Amino acid sequence: MMKNSLLKDDTDRVDGIDKVTGKAKYFAEYQLPGITYGVLVPSTITKGTITGIDSKAAERAPGVLAVVSHLNRPEVKGYEASNTKPVPNGTLKIFYTDKIAFNGQPVAMVVADTYERAVYAAALVKVSYNKEIHATDFDENISKAKPPRNPSSAFYVRGEAEAYKNSAVTIEQEYILPTETHNPMELHGMLAHWDTENRVTVYAKTQGVKATQNTISSTFMIPMENVQVNSEFVGGGFGMALRTWPVEIAVVMAAKKVKRPVKLVITRDQMFTLVGHRPHAWQKIGLGADQDGVLKGITHHAIGQTSSYEDFTENIVNMTKFMYKSPNVNTSYKILPLDVGTPIWMRGPGEATGAFALESAMDEMAHALKMDPIAFRLKNYAETDPEKNRPFSSKYVDEAYKLGADKLGWSKRKNEPRQNKEGQWLVGYGMSTGVFSAGRGKATVRGVWYADGRLLLQSASSDIGPGTGTGMVQVAHGVLGVPVNKITFELGDSSLPPAPSQGGSATMSTVGSAVHDACTALKNNLAELAANSGMSVTDPIAEILKKNNLPSIEVTKESSPGNDQSKYSMYSFSIHFVEVKVHELTGVVKVSKIVSVGDSGKIVSPKTARSQMVGGAVGGIGMALTEESVIDHRYGKFINNNFADYHVPVNADVPDIDVIFINKPDPYTNPMGAKGMGEIALIGFSAAVANAVFNATGKRIRTLPITPDKILS
């Protein structure tokens with residue numbers, strides 16, 4: 001049962017019926033004439049070189065068209081060009097050399113006329129290796145951590161470094177987040193077909209059709225307009241589809257070699273190795289305050305995992321720089337190269353990792369001061385951004401504290417642990433704060449307003465699940481008053497006007513602004529046509545257009561952020577409140593109540609916005625209690641790479657979720673006054689659970705996930 005305390009539900013998802021009836025087609029559901037199927041042959045070692053590939057038996061197997069490897073791949077001009085960087089610096093070039101960088105790295109792809117034949121033939125490929133000593137253990141190799149290539153962003157000091165140590169009350173603790181793996185139901189992959197020698201069409205699982213178009217164009221060195229990317233529906237991205245992975249390039253490569261369409265859908269265990277993960281991270285937080293609870297110093301050090309061949313970075317320590325008022329703050333961030341696949345952003349990116357440590361530490365300090373955790377945060381409330389020394393565009397976190405606390409029943413919480421009990425269950429209450437940049441980029445929208453009242457809007461945006469089309473339809477309805485059922489928003493097609501990838505909670509702000517501007521232009525054009533023909537803008541559009549001998553009005557508008565982004569600090573905020581019950585004898589943890597408060601500007605689409613917050617809370621339960629990707633370091637191989645052993649929350653783990661929105665327009669971010677919420681829905685949630693577990697049991701868990709053995713140890 002999902003509740004929303006302050007908003008009434010509104011428009012249903014515009015694509016809802018298509019999704020529940022099966023009309024919506026995802027990349028793997030497309031069929032093309034002459035389609036073939038790819039199956040990968042993964043490396044069985046973690047580091048070393050390939051000394052031989054015996055593919056003769058596979059090539060002779062029924063239905064096999066090719067076995068593609070570094071020995072016979074077709075020309076990839078972008079790989080060979082000495083002065084060209086077609087993909088991010090250091091990215092693995094698939095089927096390029098005999099080097100092995102991680103366990104499960106694809107060493108070949110079998111292409112056959114049926115999937116079953118491809119699976120069989122892949123099992124016949126024999127690969128020999130020269131094995132080298134690998135390093136996958138984070139703890140054993142942590143001394144090898146290094147600053148990223150851009151060290152200026154890795155170190156920050158305001159006031160005096162390590163000043164917390166001189167305070168009357170101090171805490172200093174370490175916090176660990178394990179590797180987590182994206183596990184949406186939809187597996188990753190691609191369908192590719194070369195229409196001509198110089199033109200390719202792909203059906204992809206991507207969070208950015210223009211980004212995928214650009215990567216394929218530059219890798220194969222063909223014109224952008226000769227790459228057609230289709231991705232109307234995505235079955236959950238969560239960050240894993242924010243880049244075009246080497247395995248997708250392999251599909252395009254294989255299709256070029258066999259001169260037929262090739263479809264690859266990777267397996268569940270390959271999801272753990274080929275399309276990124278939330279990186280393992282170590283953090284150390286030091287807080288210092290006076291006896292009245294005023295923060296005097298904050299120190300936050302972090303080390304995040306990356307691959308041996310690419311520097312992956314994320315914003316683990318950024319929240320610490322500005323969330324709370326303190327004269328002295330210093331942070332550092334390093335990366336630790338290991339023999340694993342390159343990580344990628346996972347919902348909440350590094351901010352979710354950093355918030356677990358910072359918000360756990362804030363709770364620990366409140367306990368040391370014998371203060372209520374909310375009162376402690378309010379004591380150190382930052383009215384303006386202390387990092388950038390400028391005002392926030394809007395911030396109602398203090399109001400969010402009160403609304404969430406009242407709804408959860410925070411007054412039942414006792415400051416000392418183990419004070420609330422129901423039978424054999426200890427009851428605890430916890431809260432935390434989340435924050436993420438309220439970004440806005442550049443996007444273009446084409447709008448056509450027809451004489452019969454229909455409105456068509458087009459932009460090469462993506463929808464990985466939040467209901468992008470629904471939100472854009474509601475923006476257009478708000479500007480023009482056109483009935484929702486007469487508005488169509490087309491997306492997921494690289495031939496449409498450009499839009500950025502969907503990630504970082506910026507789509508509504510970015511593409512929504514372009515929709516707003518396009519609709520405003522249409523409205524102004526209609527008013528001008530009406531005036532020119534002696535009519536009123538309130539007259540039917542059909543009559544106005546008929547009077548002007550026009551079948552429709554069409555505009556294309558590019559929308560960009562203004563100067564306000566340099567004048568104000570723009571962030572979305574969340575406050576998560578949870579009640580947990582911990583079984584005293586077994587250590588089992590149940591999240592029994594959730595209240596999530598979103599301070600994210602004007603809510604354009606209440607129903608899909610609530611779904612975003614609910615989804616983030618569910619993901620937060622997984623992050624806090626169940627999710628951990630485990631490597632057997634003897635072999636460098638994941639050992640729980642399946643849905644049976646990698647535990648994600650199920651319905652029985654999810655209680656009633658109450659979602660509250662402040663719903664006050666931000667006056668500076670965009671014309672709608674809306675700010676993103678996809679990331680803040682998760683950021684901070686795991687700390688709220690950890691803090692509640694401490695309140696219930698007196699046991700502070702600083703290494704996620706929070707499992708019974710840790711509580712009982």
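(A) Looking closely at the overall build of the protein chain. Scanning the protein chain from N- to C-terminus turns up 18 helices and 29 strands. Judged by the C-alpha coordinates and their principal axes, the protein chain covers about 85 × 75 × 50 Å. Counting only residues that meet the buried cut, the protein chain has 59% of its 713 residues in that class. Roughly 27200 Å² of accessible area belongs to the protein chain as shown, and the carbon and sulfur atoms make up 50% of that amount. For the protein chain, the distance from the average position of its 76 positive side-chain charges to the average position of its 72 negative side-chain charges is 1 Å.

(B) The environment of Ile35, seen in detail. Assignment of secondary structure puts Ile35 in the loop between α1 (16-21) and β2 (36-42). For Ile35, a relative accessible area of 10% translates into the label buried. In this structure the C-alpha to C-alpha distance between Ile35 and Asp372, which are 337 residues apart in sequence, comes to 63 Å. In this structure, Ile35 is in contact with Tyr30, Asp113, Leu191, Arg260, Pro261 and Lys263, ignoring residues within four places of it in sequence.

(C) Examining helix α17 (residues 685-697) more closely. Helix length check: α17 (13 residues) gives 19 Å between terminal C-alpha atoms against 18 Å at 1.5 Å per residue, within 8%. Among the 13 residues that make up α17, 13 are buried, leaving the element largely enclosed by the rest of the structure. One or two steps after α17, the chain reaches Gly698, where phi turns positive at roughly 80°.

(D) Representation of the side chain of Asn670 within the structure. Take Asn670: it is sitting in the loop between β29 (657-661) and α17. Discounting chain neighbours no more than four positions away, the residues touching Asn670 are Arg440, Ser509 and Ser513.

(E) Looking closely at the packing of helix α16 (residues 606-625) against α17. At a minimum axis separation of 8 Å, α16 and α17 run at an interaxial angle of 55°. Between α16 and α17, the interaxial angle falls into the category oblique. Crossing of α16 over α17 shows right-handed handedness. When α16 is examined against α17, the residues Ala617, Gly620, Ile621, Met623, Ala624 and Leu625 are found in contact with a partner set consisting of Phe685, Ser686 and Val689. Here the contact of α16 with α17 is built from residues that sort into seven nonpolar, two polar and no charged.

(F) Representation of the sheet that holds strand β21 (residues 443-450) within the structure. Here four strands make up an open sheet; going across it, the order is β23-β22-β21-β24 and the pairing mixed. This sheet does not close on itself; its edge strands, each paired only once, are β23 (487-490) and β24 (552-559). Put simply, the sheet's adjacent strands are angled 15° from each other on average, direction ignored. Alignment of β21 against β24, held across eight bridges, turns out to be antiparallel. Within β24, the residue paired with Val448 across the bridge is Glu554. Against the sheet, helix α12 (residues 468-480) engages β21, β22 (455-458) and β23, with an angle of about 135° to β23.

(G) Structural context of the nonpolar core. Membership of the largest hydrophobic core comes to 86 residues, with the highest contact counts inside it found for Leu287, Phe577, Val578, Val580, Val689 and Ile706. Discounting chain neighbours no more than four positions away, the residues touching Phe577 are Ile374, Ala400, Tyr401, Gly404, Ala405, Leu408, Trp410, Gly430, Met431, Lys593, Ile594 and Val595. Counting 46 residues, the second largest nonpolar core, distinct from the first, contains Val68, Ala204, Ala250 and Met271.

(H) Up close: unusual backbone geometry. The omega torsion across Leu704 and Pro705 is -5°, close enough to zero to call that bond cis. As for its position among the elements, Pro705 is in the loop between α17 and α18 (708-712). Phi angles above zero are rare outside glycine, and Glu162 is one such case at about 60°. Along the chain, Glu162 falls in the loop between β8 (155-158) and β9 (169-177). Even without glycine at this site, Asn663 takes up a positive phi of about 60°. Looking at where Asn663 falls in the secondary structure, it is placed in the loop between β29 and α17.

(I) Local environment of the environment of His277. Looking at the secondary structure, you find His277 in the loop between α8 (271-274) and β14 (281-289). Here the alpha-carbon distance between His277 and Lys388, two residues 111 residues apart in the chain, equals 31 Å. Residues contacting His277, with those up to four places away along its chain left out, are Thr179, Glu180, Thr181, His182, Gln305, Val340, Gly341, Thr342, Pro343 and Ile344.

(J) Layout of the confidence of the model for the protein chain. Looking at the protein chain as a whole, its pLDDT mean stands at 95, while 97% of the residues score no less than 70. When the criterion is pLDDT under 50, residues 1-7 qualifies, and its contacts beyond four places in sequence or with other chains add up to 26 contacts. Taken together, the stretch residues 82-89 has pLDDT below 50 and engages in eleven contacts with residues farther than four places along the chain or on a different chain.

(K) Geometry of helix α13 (residues 507-532). Over its 26 residues, α13 extends 37 Å from the first C-alpha to the last, a length consistent with the 38 Å expected when each residue adds 1.5 Å. After α13 finishes, the residue Gly534 shows a positive phi value of roughly 70°.

(L) Representation of the sheet that holds β14. The strand order across the open sheet formed by five strands is β8-β16-β15-β14-β9, and the pairing between neighbours is mixed. Looking at the sheet topology across the chains shown, the edges are occupied by β8 and β9. Each strand axis lies, on average, 10° off the axis of its neighbour in the sheet, ignoring direction. Two strands pair when backbone bridges link them, and β14 and strand β15 (residues 295-307) are joined in this way by nine bridges, in the antiparallel orientation. Within β15, the position partnered with Leu287 by the bridge is Ile298. Contacts between helix α9 (residues 349-368) and the sheet are confined to β9, β14 and β15, with β9 contributing the most and set at about 150° to the helix.

(M) How the structure looks around the packing of α12 against α13. Running from N to C, α12 and α13 cross one another at 35°; their axes reach a closest spacing of 9 Å. The handedness of the crossing between α12 and α13 comes out as right-handed. Contacts from Thr468, Gly471, Met472, Val475, Ala476, Val479 and Leu480 in α12 reach Thr507, Met508, Val511, Gly512, Val515, His516, Cys519, Thr520, Leu522 and Lys523 in α13. Broken down by class, the residue content of the contact of α12 with α13 amounts to ten nonpolar, six polar and one charged.

Criteria and cut-off values
Residues numbered from 1 in each chain as written. Predicted model: local features only at pLDDT ≥ 70, side-chain atom pairs only at ≥ 80, totals over all residues. Heavy atoms only, no water. Helix = DSSP H or I, 4+ residues; strand = E, 2+ residues; numbered from the N terminus. Buried < 20%, exposed > 50% of the residue type's maximum accessible area, 1.4 Å probe, protein only. Areas by Shrake-Rupley, 256 points an atom, 1.4 Å probe, with all protein chains shown as cover. Lys, Arg positive; Asp, Glu negative; His and termini not counted. Charge placed at Lys NZ, Arg CZ, Asp CG, Glu CD. Contact = heavy atoms within 4.5 Å. Expected span 1.5 Å × (residues − 1). Axes fitted to C-alpha atoms, helices over the stretch in contact; angles between N-to-C directions. Parallel < 35°, antiparallel > 145°, perpendicular 65-115°, else oblique. Left-handed = near helix turned anticlockwise from the far one by under 90°. Nonpolar A, V, L, I, M, F, W, Y, C, P; charged D, E, K, R; others polar. Pairing = 2+ DSSP bridges. Core = buried A, V, L, I, M, F, W, Y, C linked by side-chain atoms within 4.5 Å. pLDDT = per-residue confidence, 0-100.

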